[in-house]
Amino acid sequence: MGTMPGGHIALLIIGVAIGPFIWGSVVYWLVAKLWPEGRHGSRKLRARPDSPPPLDYQI
Amino acid sequence: MSPELTEFFRLAPLGIVVGAFGTLIGAGGGAVMVPVLLALLPNETPATVTSISMATVFFNAYSGTIAYMRMGRVDYRMGTLFTLASLPGAVLGVFLIHQIPRNLFDSLFGLLLLTVGALLFAHPLGSSQSSAGRAESMSDGTTFLGSIGTAYIAVLSSLMGIGGGIIHVPFLIRILHVEPHKATATSHFVLTFVALTATVTHVVLGAFNQGLAQTMYLAVGVMMGAPVGAALSTRLQGSLIVRLLAGALCLVGLRLLARLL
C-alpha cells in the first residue's frame with residue numbers, strides 16, 4: 001500500500017485523467033474502420049421469439 | 001465448527017443475496033457487495049476488498065451474459081467497442097486502488113453510493129418512459145462519447161470494485177439513449193471482461209492471495225442466488241425495487257461517511 005514514489009503517483013493520476021480519453025478515441029476509430037455500422041448483426045439485433053419480454057426497470 | 005466452515009456459512013448467504021439482487025436489478029451486484037465486505041472485513045485493505053468483489057462480480061456477470069446472449073439481446077459491435085475501451089481503465093483502477101488507504105476509500109465509496117443512490121431515487125429507469133423515440137443504432141458522435149465515457153467508467157468501477165453496471169447502464173440509457181433491454185445486456189457483456197481484467201490484475205499484484213477462499217464462498221452463493229433473482233424479477237414491481245435499492249445505497253453511503261467523522 002502506498003509504496004510508489006510521488007512522481008509515479010502523479011503519472012498514474014495524469015494517466016487516469018487523460019488516458020481513457022485517448023484510448024477511447026483510438027478504439028472508436030479502430031472499430032469504426034474495421035467494423036462499420038450495420039455489419040455482422042450490429043444493427044440486426046433481434047431477440048429470439050421465445051425470449052421473455054425485457055424488464056421495465058433494470059438499472 | 002472449523003474456521004473455514006464458519007467463514008463459508010457467513011459469506012455464502014451474502015453471495016446468495018448479492019446474486020439474487022444483482023440479477024434482479026440487472027447490475028453485477030458489486031454495489032451491494034462492497035459495502036457489506038467493508039463491514040465484514042474492517043481490517044482488510046481496499047485492494048483486498050475490491051479484488052474479492054470484482055472476482056465475485058465476474059461470476060455473476062458471466063452467467064448473466066450467457067443468458068442475455070441466448071436471448072439475442074447483446075449488441076456485439078457496441079459491446080466489443082466498449083469492452084476494448086474499458087480494459088486499460090480496469091487495469092489502471094486496480095493500480096490506483098493499491099495506493100489508496102482504507103479511510104480515503106471508505107469516504108470515496110460513501111460519496112459514490114450517495115450520488116448513485118440519489119440519482120436512482122430521483123429517476124428510476126423504465127423502458128416505458130425511455131424507449132420512446134430511440135433510434136435503432138447510435139450516431140457516430142454518440143458512439144464516440146460512449147467509447148470515451150465507458151473508458152472512464154471502467155477506471156471508476158475497477159477502483160471502487162463495483163464492476164460498473166450500476167453506473168454504466170444508466171449512462172447507456174440516459175446519455176446514449178440505448179434501449180434499456182439492450183443496454184442491460186450489453187453492459188453485462190462489457191462488465192464480464194472488465195471484472196475479469198481487474199481480477200487478473202489483482203492476482204498479478206498479489207492482492208487476491210488473501211481473498212481467494214472468501215471469493216469461492218461468495219461465488220457459490222452468487223451462482224445459487226442468480227436464478228432466484230431471475231425468478232423474482234417477473235413477480236416484483238420494478239420501480240419499487242430500484243427505489244428500495246437507491247434508499248439502501250444512500251443509507252450505507254451516509255453510514256460510511258458518518259463513521260469517518
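Thresholds, definitions, all that
- Residues numbered from 1 in each chain as written.
- Chains lettered and ligands numbered in written order.
- Predicted model: local features only at pLDDT ≥ 70, side-chain atom pairs only at ≥ 80, totals over all residues.
- Heavy atoms only, no water.
- pLDDT = per-residue confidence, 0-100.
- Contact = heavy atoms within 4.5 Å.
- Axes fitted to C-alpha atoms, helices over the stretch in contact; angles between N-to-C directions.
- Helix = DSSP H or I, 4+ residues; strand = E, 2+ residues; numbered from the N terminus.
- Left-handed = near helix turned anticlockwise from the far one by under 90°.
- Nonpolar A, V, L, I, M, F, W, Y, C, P; charged D, E, K, R; others polar.
- Buried < 20%, exposed > 50% of the residue type's maximum accessible area, 1.4 Å probe, protein only.
- Patch = residues over 30% accessible without salt bridge, like charges linked within 9 Å, V, L, I, M, F, W, Y side chains within 5 Å.
- Areas by Shrake-Rupley, 256 points an atom, 1.4 Å probe, with all protein chains shown as cover.
- Salt bridge = Lys/Arg side-chain N within 4 Å of Asp/Glu carboxyl O.
- Expected span 1.5 Å × (residues − 1).
- Phe/Tyr/Trp six-rings, centres within 6.5 Å; stacked < 30°, edge-to-face > 60°.

Caption draft 1: Summary view of the confidence of the model for chain B. Residue and element names in this part refer to chain B. Scored by pLDDT, chain B has a mean of 84; 91% of the residues are at 70 or more. Every residue in residues 127-132 is under pLDDT 50, and counting partners more than four places away or in other chains gives eight contacts. The ipTM for the predicted assembly is 0.79, set against a pTM of 0.83.

Caption draft 2: Fine view of the packing of helix α4 (residues 76-97) of chain B against helix α7 (residues 140-160) of chain B. All names here are of chain B. Viewed as axis vectors pointing N to C, α4 and α7 meet at an angle of 35°, and their least axial separation amounts to 6 Å. The handedness of the crossing between α4 and α7 comes out as right-handed. Across the interface between the two elements, R77, L81, F82, A85, S86, G89, A90, G93, V94, L96 and I97 of α4 pack against T143, G146, S147, T150, A151, A154, V155, S158 and L159 of α7. Residue classes in the contact of α4 with α7 are distributed as 11 nonpolar, eight polar and one charged.

Caption draft 3: Looking closely at the packing of α4 of chain B against helix α9 (residues 180-205) of chain B. All names here are of chain B. In contact at an axis separation of 8 Å, α4 and α9 are set at 35° when each is read in the N-to-C sense. Between α4 and α9 the crossing geometry is right-handed. For the contact of α4 with α9, a count of residues per class yields 15 nonpolar, eight polar and one charged.

Caption draft 4: Summary view of unusual backbone geometry. Residues and elements named next belong to chain B. In the Ramachandran plot, H177 falls in the positive-phi region, its phi being about 60° despite a non-glycine side chain. Summarising the element assignment, H177 is placed in the loop between α8 (165-175) and α9. Since its relative accessible area comes to 48%, H177 is described here as partly exposed.

Caption draft 5: Main features of a nonpolar patch on the surface. Together, I14, I18, F21, I22, W23, V26, W29, L30 and L34 of chain A together with Y152 of chain B line one region of the surface with nonpolar side chains, adding up to about 980 Å² of accessible area. If you tally residues by element for the nonpolar patch, the top one is helix α1 (residues 6-34) of chain A, at nine residues. Residue position: L30 of chain A is located in helix α1.

Caption draft 6: Inspection of α9 of chain B at higher detail. Its 26 residues place the ends of α9 of chain B 36 Å apart at the C-alpha level, agreeing with the 38 Å of an ideal helix rising 1.5 Å per residue. Of the residues trailing α9 of chain B, G206 of chain B is marked for its positive phi of about 90°.

Caption draft 7: Region of interest: α8 of chain B. Of all 11 residues in α8 of chain B, nine are buried; the element is thus mostly enclosed. Where α8 of chain B terminates, the next one or two residues include H177 of chain B, which has phi positive at roughly 60°.

Caption draft 8: View of the packing of aromatic side chains. Evaluated as defined, the whole model comprises eight aromatic pairs over all chains. Look at Y28 of chain A and F144 of chain B: their rings are 5.3 Å apart centre to centre, the planes differ by 70°, and that puts the pair in the edge-to-face class. Pair noted here: Y28 of chain A is in helix α1 and F144 of chain B is in helix α7, and the two residues belong to different chains. Aromatic rings pair up to connect F8, F9 and Y217 of chain B into one cluster.

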